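Residue-level structural notes
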Amino acid sequence: MFPHHDDIQACLETLHNGGLLLYPTDTVWGIGCDATNEAAVKRIFELKKRVDTKAMIVLVENEAAILKHVDVNELQVFDYIKGIHKPTTVIYQRAKNVATNLLASDGSVAIRICKDKFCQALIQQFGKPIVSTSANVSNYPTPLCFNDISMDIQEGVDYVVKHRRDETELQQPSSIVKWDENGNLIIIRH
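Just so you know, these numbers come straight off a predicted model, no measurement behind them.

**Quick word on the pattern of salt bridges**
In this structure the tally under the stated criterion is 7 salt bridges. With a shortest N-O distance of 2.9 Å, Asp26 and Arg112 are connected by a salt bridge. Here Asp26 is found in the loop between β1 (21-23) and β2 (30-32), whereas its partner Arg112 is found in strand β5 (residues 109-113), with 86 residues between them in sequence. In this structure, Asp26 and Arg112 share a single accessibility class: buried. A salt bridge links Arg164 to Asp116; the nearest nitrogen and oxygen atoms lie 2.9 Å apart. Of this pair, Arg164 sits in the loop between β7 (159-160) and β8 (175-179) while Asp116 sits in the loop between β5 and α5 (117-126); the two residues are 48 residues apart in sequence, bridging distant segments of the chain. Asp116 shares its class with Arg164; the two are buried. Each of the salt bridges in this network shares a partner with another, and the network as a whole consists of Asp116, Arg164 and Glu167.

**Some points on the state of the cysteines**
Applying the stated criterion across every chain yields a total of 0 disulfides. Here Cys33 is not cross-linked by a disulfide; its sulfur's nearest cysteine counterpart is in Cys11, at 13 Å. Judged by relative accessible area, Cys33 falls into the buried class, the value being 0%. Looking at Cys145, it has no disulfide partner, and the nearest cysteine sulfur is the one in Cys119, 17 Å off. For Cys145, a relative accessible area of 9% corresponds to the buried category.

**Regarding the side chain of Thr27**
Looking at the element boundaries, Thr27 is found in the loop between β1 and β2. Note on Thr27: relative accessible area 5%, which makes it buried. A distance of 3.4 Å separates polar atoms of two side chains, one belonging to Thr27 and the other to Arg112.

**What about the sheet that holds β7?**
Spatially, the 9 strands line up as an open sheet ordered β7-β1-β2-β6-β3-β5-β4-β8-β9, and their pairing is mixed. Single-partner strands in this sheet number two, and they are β7 and β9 (185-189). Here 2 bridges tie β1 to β7, and the two strands are oriented parallel to one another. Residue pairing for β7: Leu22 is matched across the bridge by Val160. The strands touched by helix α2 (residues 38-48) within the sheet are β2 and β6 (130-134), with β6 carrying the most contacts at an inclination of about 10 degrees.

**Thoughts on the packing of aromatic side chains**
Using the criterion set out here, one finds 1 aromatic pair in the structure. Ring centres of Trp29 and Phe146 lie 4.8 Å apart, and the angle between their planes is 55 degrees; on these two criteria the pair is classed as tilted. Here Phe146 lies in the loop between β6 and α6 (151-156) and Trp29 lies in the loop between β1 and β2, a separation of 117 residues in the sequence. Side by side, Trp29 and Phe146 carry an identical accessibility label, which is buried.

Conventions adopted
- Residues numbered from 1 in each chain as written.
- Predicted model: local features only at pLDDT ≥ 70, side-chain atom pairs only at ≥ 80, totals over all residues.
- Heavy atoms only, no water.
- Salt bridge = Lys/Arg side-chain N within 4 Å of Asp/Glu carboxyl O.
- Helix = DSSP H or I, 4+ residues; strand = E, 2+ residues; numbered from the N terminus.
- Buried < 20%, exposed > 50% of the residue type's maximum accessible area, 1.4 Å probe, protein only.
- Disulfide = S-S within 2.5 Å.
- Polar contact = N/O pair within 3.5 Å; in protein donor to acceptor, adjacent residues only side chain to side chain.
- Pairing = 2+ DSSP bridges.
- Contact = heavy atoms within 4.5 Å.
- Axes fitted to C-alpha atoms, helices over the stretch in contact; angles between N-to-C directions.
- Phe/Tyr/Trp six-rings, centres within 6.5 Å; stacked < 30°, edge-to-face > 60°.

These figures come from the coordinates and say nothing about function on their own.
Below is the structure:
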């Protein structure tokens, strides 16, 4: 049995019911929900007091899952992903099969293959992508460990994961990259 079975089960119940999670990722703690549920995504925007024109990141388990949610013409993106070791979010054009309020105004979506074992198990068992946005109110600093997360955020979600709460090592957000129409790599955040 997976060591965090009870946490995973509580997360799955929350996700299936359209709820919000506060959970550790391969980067910073995130607020998450079912990435295909527009009502749940709307709740995250409201909790973060964030304008709904700003896109959020979607976590998936592997390259095959990316293809379920975007039409990828630039296959070199998969070579790039395999060659990086730091968590990196890639912005893809032509998103599909995710909540429309997750998309940027140009129809793109930001996706990261999450290599954290807890997140991998959660995504695999849920069978759908999960939203991940930093656990802060908009325009406030990104919390770099659980102790930095405000009570407004902790109390505003439906379930707070128990795993990794007492870690004090500071985490960093992912890098963000995208390919332009000419196939050139653009680094948005290191």
